[in-house]
Each structure stands twice: as structure tokens, then as C-alpha cells.
Amino acid sequence: MRIVKTAAAMQKLALTWRREGRKVGFVPTMGYLHAGHVSLVTEARRRVGLKGIVVVSIYVNPTQFAPTEDLSRYPRDFAGDRRRCAEAGADVIFFPTDAGMYPGKAEGRYSTYVVEERLSQGMEGGSRPTHFRGVSTIVAKLFNLVLPDLAIFGAKDWQQAAVVRRMAIDLNFPLKVLVRPTVREKDGLAMSSRNKYLSPEDRELATVLHRAMSAAKAAVNLQPASAKALKSSTEALVNGQSSGRLDYVEFFDPETLEAVDVVKPGAQMALAVHFGKTRLIDNAAL
Ligand code: AMP
């Protein structure tokens, strides 16, 4: 497995693969890899075959964090990530620096961003107004450097996957965006690099995201329910935990992300919950 650290070297390598006609599968991450990330790398390997190339990027992208967020304390473990990538069958880790990804930014010269204007409104975009501008920008840049045939994202970040898929179509990237299911802990908590921040008490209470989705699913499987009523019962359940505070809960069409008033099986539910300084998100089909 090879570690590539500069944008120029990454792009040069990708152009070589393209000339050789090798299929490239790509998994963008912020590192601190867990079994959810590994499932994406394994799927990339399966899709491109033994002759293909699997690239994993590890980059904590500053432009998708607001100044008040956890950029500086975001967990990092390059040695562990390297081992997990090798075990899952990656060929290359792209591990760039801020100066490489945002040329001239430290001197105030960097000035180009990619903005998706519809799917990125609301939910994560509502709570983190500059987040998706950062995500679309970095993903577009990574696509230009890795030149993948397919890029794999996790369903855990449902809105992100929708925004990226739209951006790839709108900007004519010649690649396929695939979305893989959320990998969970045994008790239902979605795996996330941010789970590390949780105190043992909050780690137990954090199953409330999964419990809230199970409760909503049970309710709508009995009969269609109003989004308003489901939002109130979710809020009561989450805020009833000693340290949980609901940021948002939404019920929406899984493709268009448009909110639904009457929730039926097949609708998507997404929620974000604060536990102290830690903010967790999750979503599921009902
Ligand atoms: P991150 O490192 O959090 O930016 O995530 C990198 C990719 O891994 C994104 O496409 C995420 O949606 C995906 N991912 C994160 N957590 C999980 C999980 N528990 N199951 C599946 N995919 C995940």
C-alpha cells in the first residue's frame, strides 16, 4: 500500500491508471477509521476487482467545520488507519496537507468553492450553514485528483450522500456515486469517529437515536402518522435522557429530501442530538 501526500503526485498517479485502463474505486474519509469506513473500502475492492485500484483519502477538511466546531480536537490515528486500510485491501492512502488541498489559503488567496443549493438546505445544512459548501468543495477537488470510476459513501450521512450525488451529476463528473448501509454497534448506535468523545454514561444514552427511529418505525408501520406528532414524541424521548438534547428531527422523501407531513413506511427519518459538546447524527428508512 502506498501513501501519497501531495495533490500533484495523486493526480499524476491517477492519470497513469487512466492511461492503463485501470478501474479506480474511491472512499473519501476524515480518518479515525472504524468498521463503517472499512465496509466502504471492502466494497470498493469488490467492485473494482483485483486489477483495479482502491484509494482511501484521509483528510480532516477544515472548510466543512464552523469556527465553533471540533476541527482541532477531531480524533486522529494514522497508524491505525493505515493498518485498517491495508487489511481492507486499499492500494493507496491519499493523505494531503491543508496547503496542498487549499493552495494559497493561509495567505488569503484561495477563493473557489462548490455550492449545491437545494438538497443542502435544512437538516445538517440548517444546523451547520457552511458545512455542505465545505463538503462539496473538498469532494469535487478529491474527484479531480483521484479521477475515480466510482466513489463510495455511507448512508449514515444521508444528506451528504444526496448532495454529493447531485453535485457529481450537475458538474458532469464521469463517475458513479454508491451509498452503502450504516454499520452499527451491537446496541444500535451508528459507528462514528465522534463516538469516542462520549463519556461512558452518554455512550449508553446515545442509543436513544436508534431507539427513537425504532419507535417511529413501529408507529408508522401500524398506521400513517403526522410528522408533527412524531417530532413531538421523538423530542420527548430524546430530551427525557439526562444529557441528550435534540437538535432536529425530520421526516422526508429519501430521494428528494423534501419534508413529508404524513409519514408512511418508506419515508426517511433523520435526527441530530447533542450530548454535551458531542453532536451525533443518524437516519433510517421507516
Ligand atoms: P467521515 O470520516 O465521518 O467523513 O466518513 C467517511 C465516510 O464513511 C462517509 O461516506 C460516511 O458516510 C461513511 N461512514 C461513516 N460512518 C459510517 C457507518 N457507521 N457506516 C457506514 N458508513 C459510514
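Reading guide: rules and limits
- Residues numbered from 1 in each chain as written.
- Predicted model: local features only at pLDDT ≥ 70, side-chain atom pairs only at ≥ 80, totals over all residues.
- Heavy atoms only, no water.
- Near = heavy atom within 4 Å.
- Polar contact = N/O pair within 3.5 Å; in protein donor to acceptor, adjacent residues only side chain to side chain.
- Areas by Shrake-Rupley, 256 points an atom, 1.4 Å probe, with all protein chains shown as cover.
- Helix = DSSP H or I, 4+ residues; strand = E, 2+ residues; numbered from the N terminus.
- Nonpolar A, V, L, I, M, F, W, Y, C, P; charged D, E, K, R; others polar.
- Salt bridge = Lys/Arg side-chain N within 4 Å of Asp/Glu carboxyl O.
- Buried < 20%, exposed > 50% of the residue type's maximum accessible area, 1.4 Å probe, protein only.
- Domains from an automatic or database assignment.
- Contact = heavy atoms within 4.5 Å.
- Buried area = accessible area lost by both parts, 1.4 Å probe.

(A) Geometry of the site of the ligand. Lining the immediate surroundings of the ligand are 17 residues, of which Met 30, Gly 154, Asp 157, Val 183 and Met 191 lie closest. Here an oxygen atom of the ligand sits 2.9 Å away from a polar atom, N or O, in the main chain of Met 30. A distance of 2.9 Å separates an oxygen atom of the ligand from a polar atom in the backbone of Gly 154. Protein contacts shield 93% of the accessible area of the ligand, which totals 480 Å² for the unbound molecule. Mapped by element, the contributors of at least two residues to the shell around the ligand are strand 2 (24–29), helix 2 (35–48) and strand 5 (150–154). With three residues, helix 2 is the largest single contributor of residues to the shell around the ligand. Of the residues in the shell around the ligand, the class split is eight nonpolar, seven polar and two charged.

(B) View of the pattern of salt bridges. Scanning the model with the defined rule gives 15 salt bridges in all. A salt bridge links Asp 91 to Arg 45, with the shortest nitrogen-to-oxygen separation between them at 2.9 Å. Placement of the pair is Asp 91 in the loop between helix 3 (78–88) and strand 4 (92–94) and Arg 45 in helix 2, with a sequence separation of 46 residues. Since its relative accessible area comes to 25%, Asp 91 is described here as partly exposed. Overall, Arg 45 belongs to the buried group, its relative accessible area being 16%. Note that Glu 107 and Arg 109 form a salt bridge whose closest N and O atoms lie 3.7 Å from each other. Residue classification places Arg 109 among the exposed residues on the basis of a relative accessible area of 58%. What emerges from the salt-bridge pattern is a single network uniting Glu 43, Arg 46, Arg 47 and Arg 180.

(C) A look at unusual backbone geometry. Despite not being glycine, Asn 172 shows a phi value in the positive range, around 60°. Phi is positive for Leu 257, close to 65°, though the residue is something other than glycine. Mapped onto the elements of the fold, Leu 257 is located in the loop between strand 8 (244–252) and strand 9 (262–263).

(D) Quick peek at the domain arrangement of the chain. Domains assigned within the chain are domain 1 (2–180) and domain 2 (193–280). Look at where the C-alpha atoms of domain 1 and domain 2 centre, and you get two points 27 Å apart. Taken together, the contacts link 18 residues of domain 1 with 17 residues of domain 2. Taken together, both faces of the contact between domain 1 and domain 2 bury some 1,500 Å²; the carbon and sulfur share is 52%. Of all residues in domain 1, the largest losses of buried area upon contact with domain 2 belong to Arg 73, Met 123 and Trp 158, amounting jointly to 42% of the total for that side. Asp 70 serves as the salt-bridge partner of Arg 194, at 2.8 Å between the closest nitrogen and oxygen. For the pair domain 1 and domain 2, the number of links is ten residue pairs in polar contact (both at pLDDT 80 or more). Elements represented by at least two residues in the side of domain 1 that touches domain 2 include exactly helix 5 (124–127) and helix 7 (158–170).

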